[in-house]
Amino acid sequence: MQNIDDTRKDLLARIAVSDAPRELLKVPELKQLYDVIKTLAPEERGAYGKQINELKLLLESAITERESSLEDLAVESIDISAPWDVNGRPLNLLPTEQGTQHPLTLELENVINIFTRMGFEAIESRQIDDDDHMFATLNFPANHPARDGYDTFRTEENFIPPAHTSTMQNRILKAGKSKLEAGGQIASISYGRVFRNEDIDATHEHTFYQCEGIFVSSTATLGQMLGTLRSFFETYYGQSLKIKTQPAYFPFVEPGLEFAIEKPAALGGKPGEWLEMLGCGMIHPNVLSMAGIDPQKYRGFAWGGGIERLVMLKYGIEDIRHFESGKLQFLRKFYE
Ligand code: PHE
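Residues numbered from 1 in each chain as written. Predicted model: local features only at pLDDT ≥ 70, side-chain atom pairs only at ≥ 80, totals over all residues. Heavy atoms only, no water.

**Student:** Break down the pairing of strand β7 (residues 299-306) for me, citing the residues and quoting the values.
**Tutor:** Along β7, seven of the eight residues are buried, which leaves the element largely enclosed by surrounding structure. Judged from the four bridges that link them, strand β6 (residues 274-283) and β7 form a sheet pairing that is antiparallel. By the bridge assignment for β7, cysteine 280 is matched with tryptophan 303. (Buried < 20%, exposed > 50% of the residue type's maximum accessible area, 1.4 Å probe, protein only. Helix = DSSP H or I, 4+ residues; strand = E, 2+ residues; numbered from the N terminus. Pairing = 2+ DSSP bridges.)

**Student:** Give me the lowdown on the nonpolar core, citing residues and values where you can.
**Tutor:** Counting 41 residues, the largest nonpolar core has Phe233, Tyr237, Trp303, Ile307 and Leu310 as the members making the most contacts within it. With residues near it in sequence (within four places) discarded, leucine 310 still touches Val111, Phe232, Phe233, Tyr236, Tyr237 and Met277. Within the second largest apolar cluster, 25 residues are counted, among which are Phe135, Ala146, Met168 and Phe252. (Core = buried A, V, L, I, M, F, W, Y, C linked by side-chain atoms within 4.5 Å. Contact = heavy atoms within 4.5 Å.)

**Student:** I'd like a rundown of the environment of phenylalanine 301, residues and numbers included.
**Tutor:** Relative to the helices and strands, phenylalanine 301 resides in strand β7. For phenylalanine 301 and phenylalanine 120, which are 181 residues apart along the polypeptide, the C-alpha to C-alpha distance reads 13 Å. For phenylalanine 301, the contacting residues outside a window of four places in its chain are Gly213, Ile214, Phe215, Ala220, Thr221, Gln224, Met225, Thr228, Gly281, Met282 and Ile283.

**Student:** Lay out the packing of aromatic side chains in plain terms, naming residues and giving numbers.
**Tutor:** Enumeration according to the criterion identifies 17 aromatic pairs in this entry. On the basis of an interplanar angle of 35 degrees and a centroid distance of 5.4 Å, the ring pair of phenylalanine 115 and tryptophan 303 is categorised as tilted. Here phenylalanine 115 is found in helix α4 (residues 103-117), whereas its partner tryptophan 303 is found in strand β7, with 188 residues between them in sequence. Exposure class is identical for phenylalanine 115 and tryptophan 303. Each is buried. Residues phenylalanine 120 and tryptophan 303 carry aromatic rings whose centres are separated by 5.7 Å and whose planes lie at 80 degrees to one another, so their mutual orientation is edge-to-face. Taken together, the positions of phenylalanine 120 in the loop between α4 and β1 (121-124) and tryptophan 303 in strand β7 put the pair 183 residues apart, joining distant regions of the chain. Accessibility classification places phenylalanine 120 together with tryptophan 303 in one group, the buried group. (Phe/Tyr/Trp six-rings, centres within 6.5 Å; stacked < 30°, edge-to-face > 60°.)

**Student:** Residue-level account of unusual backbone geometry, with values.
**Tutor:** The omega angle of the peptide bond from glutamate 254 to proline 255 is 0 degrees, so this bond is cis rather than trans. Assignment of secondary structure puts proline 255 in strand β5 (residues 253-262). In this model, aspartate 151 sits at a positive phi of 40 degrees, which is unusual for a non-glycine residue. Considering the arrangement of structural elements, one finds aspartate 151 in the loop between α5 (131-134) and α6 (169-181). Relative accessible area serves as the criterion here: at 28%, aspartate 151 is assigned to the partly exposed category. With a phi close to 70 degrees, asparagine 158 is a non-glycine residue in the positive phi region. Within the secondary structure layout, asparagine 158 lies in the loop between α5 and α6.

Below you can see the structure in the form of structure tokens.
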């Protein structure tokens, strides 16, 4: 019987460090233990067989445990420059037939679809822009401290990877001017990556996504804006929501507001738990003028907010850094 104990200790030690632990079920030591059964007297076989079975169960569970830690290891340490099967075992990749769209892409498309169904045109924002679109045409006076609030990166040539999608406002307004003059309206969203030079933590990333909305007509009102936003959020979360606003300062809107929703009970919210979702307001007359639109004749509203925040609430994601981490453990959750 000593033999079973030795084999158990020996195999458990080998499984714990093996790259192919299941292969160890084929070692001759185990086969020899099985062979002993035939040599035993019938009354001895039951007790011996029971021990062998226990050993097998123990080895099985040690193997499964080792396999799953190898899987984690494979995910943690993918060397993208290495040959496909460099470690002699399959990498733990997403099956291609389940698709490879990133959850942010998926949800951004969802957001775009909701707004295009409401009649908004969708335009992707730029990933490199200039001071004029980041600040000047948005009514930030030169050297105004509000510029510092945006923690902007700058290239050596003084270009700016935009810190918000509002950089698209002047372009959208200029392009839409003729529609207004023909008696129509401007209804556009712009979406894309934005960049901020700030410390990262569970709720702050240097790179994230925003979606911006712009509506201009001869009769646009703040009430229309609140209705549009409520309708968007209720469609996105598939339920009715309580909303509230509070005053906020952005140089390009007047009045400016922060828009909050009450965290839905279905998503773990308690009554009175408000989540700030975006900034919004009536487009400042100076912003309209700078795009050649007469603020005496036309008025508009705009809003802008982060996509990650929406998605985090929807799926209960606790850390914004997961999105750009490239971790398969995170991505896989969206395809199970
Ligand atoms: N661009 C602002 C931000 O990122 C949000 C905003 C957009 C506010 C449009 C008002 C109108 O903080």
